[in-house]
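The lines below spell out each chain.
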Amino acid sequence: TNLIFLDISHNVLESIQDENIWTLTTLTDLSLSSNRMVTLPLAIACLERLRILRADDNCITSIEPDIIRLPELRALHLAQNNIAAVPSLGWKWATNLEVLDLSNNDLDSLPYQMMALPRLTTLGLARNPRLSPRVTQAFFSSGPAGALAYLAAQ
């Protein structure tokens with residue numbers, strides 16, 4: 001298939017089978033937003049051309065490090081989920097990631113390994129009530145680099 005954009009948002013999906021994803025090797029933009037997914041299909045990690053992954057407004061509880069490692073990933077939208085922790089693995093390979101939106105989740109911390117994101121320009125952390133106010137203050141005073149520098153110092 002030559003499909004580059006797939007939008008299956010707003011479909012009340014609880015899951016997607018891996019075998020439905022593996023064949024989409026040319027996909028660059030995938031929107032799974034506003035469904036009822038608890039996990040992302042691990043087969044997404046095989047989509048080496050994927051640049052944008054939208055999975056906000058679901059019930060996702062964790063992020064697979066293999067998805068973070070996608071070589072072309074530029075934007076990862078995971079706002080409005082149930083994510084309590086961000087993995088420490090995978091960030092040093094996310095060299096092209098520019099946008100990371102983790103707003104409106106249940107985060108209480110972020111791993112210092114996120115310092116390895118050299119191109120990050122947008123980091124969404126709003127409405128994570130358990131996240132230290134110092135992280136958000138550092139973000140607002142110095143942007144993504146400030147928030148990540150604060151994390152590295154911890």
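Before any of the text, the structure's been laid out above.
Residues numbered from 1 in each chain as written. Predicted model: local features only at pLDDT ≥ 70, side-chain atom pairs only at ≥ 80, totals over all residues. Heavy atoms only, no water.

Novice: What exactly am I supposed to notice about the pattern of salt bridges here?
Specialist: Where side chains of opposite charge bring their charged atoms close, a pairing between them can arise. Enumeration over the complete set of coordinates arrives at 5 salt bridges. With a shortest N-O distance of 2.5 Å, Arg-54 and Asp-29 are connected by a salt bridge. Taken together, the positions of Arg-54 in strand S3 (residues 52-54) and Asp-29 in strand S2 (residues 29-31) put the pair 25 residues apart, joining distant regions of the chain. Here Asp-29 falls in the buried class, since its relative accessible area comes to 12%. Salt-bridge contacts for Arg-130 lead to Asp-108; the nearest nitrogen and oxygen are separated by 3.8 Å. Linking Arg-130 in the loop between strand S6 (122-124) and helix H2 (133-153) with Asp-108 in the loop between strand S5 (99-101) and S6, this pair joins segments that are 22 residues apart in sequence. Among the residues examined, Arg-130 registers a relative accessible area of 42% and is labelled partly exposed. Given a relative accessible area of 38%, Asp-108 falls into the partly exposed group. Salt bridges here are not isolated pairs; linked through shared partners, they connect Asp-106, Asp-108 and Arg-130. (Salt bridge = Lys/Arg side-chain N within 4 Å of Asp/Glu carboxyl O. Helix = DSSP H or I, 4+ residues; strand = E, 2+ residues; numbered from the N terminus. Buried < 20%, exposed > 50% of the residue type's maximum accessible area, 1.4 Å probe, protein only.)

Novice: How do you make sense of the sheet that holds S2 when you look at a structure like this?
Specialist: One key point about sheets: their strands pair by backbone hydrogen bonds, in either a parallel or an antiparallel sense. With parallel pairing, 6 strands are arranged side by side in an open sheet as S1-S2-S3-S4-S5-S6. Of all the strands in the sheet, the pair left with one neighbour each is strand S1 (5-7) and S6. Across the sheet, the axes of successive neighbouring strands diverge by a mean angle of 5°, strand direction being ignored. Direction of pairing for S3 relative to strand S4 (residues 75-77): parallel, over a ladder of 3 bridges. Bridge pairing in S4 places Leu-53 opposite Leu-76. (Pairing = 2+ DSSP bridges. Axes fitted to C-alpha atoms, helices over the stretch in contact; angles between N-to-C directions.)

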